[in-house]
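Coordinate inspection notes
Letter by letter, the chains look like this.
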Amino acid sequence: MTTVTDRTVPDAPAVQRTPRRRRTPAKVVVARSVVAVLLAGYAVVSLYPFLWMVSAAFKTQQEVIQGGHLIPHDPTLSTLVDTWAQLHFFDYFLNSLKVTGLTTLGVVVVYSAASYAFAVLRFPGRQAFFRLFLVLLFVPGVVTLLPIVLLENQMGILGTHLGLILPFVNGTAPLSILLLTNSFRSLPDELRDAARVDGAGELRIFTRIYLPLARPALITVALLTAIPTWNEYLLSRVSLNDPATFTLPIALQQLQSSNVVQYNQLMAGALIVVIPVIILFLATQRYFVNGLAGAVKG
Amino acid sequence: MTTSTALAAVVPTGDGGGGRRGRRRHPVHHRGQEVAWGYVFIAPALLLFLVMGVYTLFFSAQLSFVRWNGLTPTWEWVGLKNYADLLWASPVYAPVVHRAALNTLGVMVAVPLLTVLVSFPLAVVLNQARRFAGVLRSVYFVPYVTAGIAVYMAWQYVLEPNGAVNLLLRTVGLGSLEQPQGWLGNPATAMPTLVVIMVWSGVPVAMLLYLTGLQSIDPSLLEAAQLDGAGWWRTNLAVVRPLLAGTTAVITLLNVREALQGFQIFLIMTNGGPAGRTNVLGLETYDLAFQQELAPTLGLASALGWLLFFAALAVAIVNQRVTREKP
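Along chain A, the regular secondary structure elements total 15 helices and 0 strands. Here chain A holds 298 residues, and 43% of them are scored as buried.

Time to look at helix H2 (residues 26-57) of chain A. Residues and elements named next belong to chain A. When the terminal C-alpha atoms of H2 are compared, their 45 Å separation across 32 residues agrees well with the 46 Å that a helix rising 1.5 Å per residue should span. At Leu47, H2 shows its largest bend, some 50°, and a proline, Pro49, comes one to four positions later. Residues of H2 that are buried include every one of Leu39, Tyr42, Ser46, Pro49, Phe50, Trp52, Met53, Val54, Ser55, Ala56 and Ala57, and no others.

Moving on, we get to the interface of chain B and chain A. In this complex, chain B contributes 83 residues to the contact, which on the side of chain A involves 86 residues. Here the element with the most residues in the side of chain B that touches chain A is helix H3 (residues 27-63) of chain B; it accounts for 20 residues. Classifying every residue of the side of chain B that touches chain A gives 58 nonpolar, 22 polar and 3 charged.

This brings us to the domain arrangement of chain A. Residues and elements named next belong to chain A. One can read the domain layout of chain A as domain 1 (2-57) and domain 2 (80-297). On the side of domain 2, 7 residues touch domain 1, which itself brings 4 residues to the contact. Its residues assigned to classes, the side of domain 1 that touches domain 2 shows 4 nonpolar, no polar and no charged.

Attention now goes to the packing of helix H5 (residues 93-128) of chain B against helix H9 (residues 187-215) of chain B. Residues and elements named next belong to chain B. Contact pair H5 / H9: the axes reach a minimum separation of 6 Å and the direction vectors enclose 45°. Taken together, the axis directions place H5 and H9 in an arrangement best described as oblique. Handedness of the H5/H9 crossing: right-handed. For the contact of H5 with H9, a count of residues per class yields 21 nonpolar, 6 polar and no charged.

What counts and how
Residues numbered from 1 in each chain as written. Chains lettered and ligands numbered in written order. Predicted model: local features only at pLDDT ≥ 70, side-chain atom pairs only at ≥ 80, totals over all residues. Helix = DSSP H or I, 4+ residues; strand = E, 2+ residues; numbered from the N terminus. Buried ≥ 20, exposed ≤ 12 C-beta atoms within 10 Å, placed from the backbone. Expected span 1.5 Å × (residues − 1). Bend = angle between axes of the 7 residues up to and from the residue. Contact = placed C-beta atoms within 7 Å. Nonpolar A, V, L, I, M, F, W, Y, C, P; charged D, E, K, R; others polar. Domains from an automatic or database assignment. Axes fitted to C-alpha atoms, helices over the stretch in contact; angles between N-to-C directions. Parallel < 35°, antiparallel > 145°, perpendicular 65-115°, else oblique. Left-handed = near helix turned anticlockwise from the far one by under 90°.

This is how it looks when you write it as structure tokens:
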């Protein structure tokens, strides 16, 4: 059967198993080359703006105005250093780190507890509350942006980092609860029963048994929170006024609007924004990719 | 380690219902405590949700029926007038909304369509790649994780009159296609350019979903198709594509919703210009809410936001109907 497939259809999976010494037909070689060119081509398309971002960040002001070549003739670190130190990107970086870190921590603590309740505990109104949270998934951000700003203005937290963190945490509620509840539900009920027999309390069962077992889902939720929060622009733009509170995206926007655009500085700033996310993504992409597919489908 | 041994000890004995029955043996004691813990565990989430979610939604709904600039101590109740003004009544706002709606409609059709047309073949090809598949997938994903102002500024930079895209065209001998005003400066090219960037940002997730779908297809189905004499093109178009119709529906829905409501890229890259050519409904909402100084347009902004919500809801319902009828 396999041999038949082998002969009639050259690019069937079975061809992989054939010994190397048999010559690959020309048609297959052509097909493979086309595939390779397509794949490499789209890789270049994916990275295209980043190539120029890196290029400009290592150019001097003069060279960037001249334009016209990707590789800097005389690469310099001074643009990056200046942006980092003199333009206070280090401070903005710390602000971004603080907002992103606290938002992520808040999401993991608040919604793992809530999801444990939804998945494991039984209490009146459980279903209703669960659905209430999921409804938020369908409300566009643009509807809540204005009332959040007005409300925070009344509460006196507009323009503070707390004023960003609270709506950011709440904004991830539907997705986080969905992912974590599914993860807790997939654990067997007997886990909890056995722990109870051993005399463990609810808090102990949650922190010592359920949380460690749900680690992949927790990491996914943390990533799906941290990356958009790091890049968040809209609420930050309409609420942050004091330069001491600026996060990186707002600092970038200020850099663009405050003077004649110096693309080498702007791209150095942009590079400082994207590098941490890319590193985070590369380090954790297993969780990220699985979680994202699950999140979108579920 | 303790947890894994607990798991091992528990799983074989369980029949699914055993634990539940055990719990019911002491109903009063258990339930009371469990109920209390349940409320304790959801309390922080619920509190935050009541303030930042429920309250803001009611506030926004209320705002959509008033005339207010956000500063005066009182607002004027106008009923449905804001909605009427936006849709047809106002000579100032209705024409702007109509133009923005047309632009939005264009984006809503073009972005999902192009995203599917790029990501499906890409996923099929990537799925058959033997080497570098993992590396390529990571590379293709970079536009998604970096999505935001930094990347949009990089695009602005390469689309400048003196930028890399024009340079590339000149180098490959397509100098006639160069845009001397820059790709975002020319009213004719601004919108198509933004659509391309939105597709570029949307392809990673779409490709990932298609890849997941492709890996779940039973290989014997494809072998059967090939035994019946279907070539590579036939197999993918006639067998794989219909099998992934559900994935296509999800991708379409996500992108339509994003096209309806997302406006960050428009705000950052063109702010609706040149000459209103890239003004979309989401951006118009933002404009009415935050860029009108003292004009009493907060009610209009809220009303437009809700119209977008209902449009997205309608699209979701239609999408679900269509996908359910297909198979």
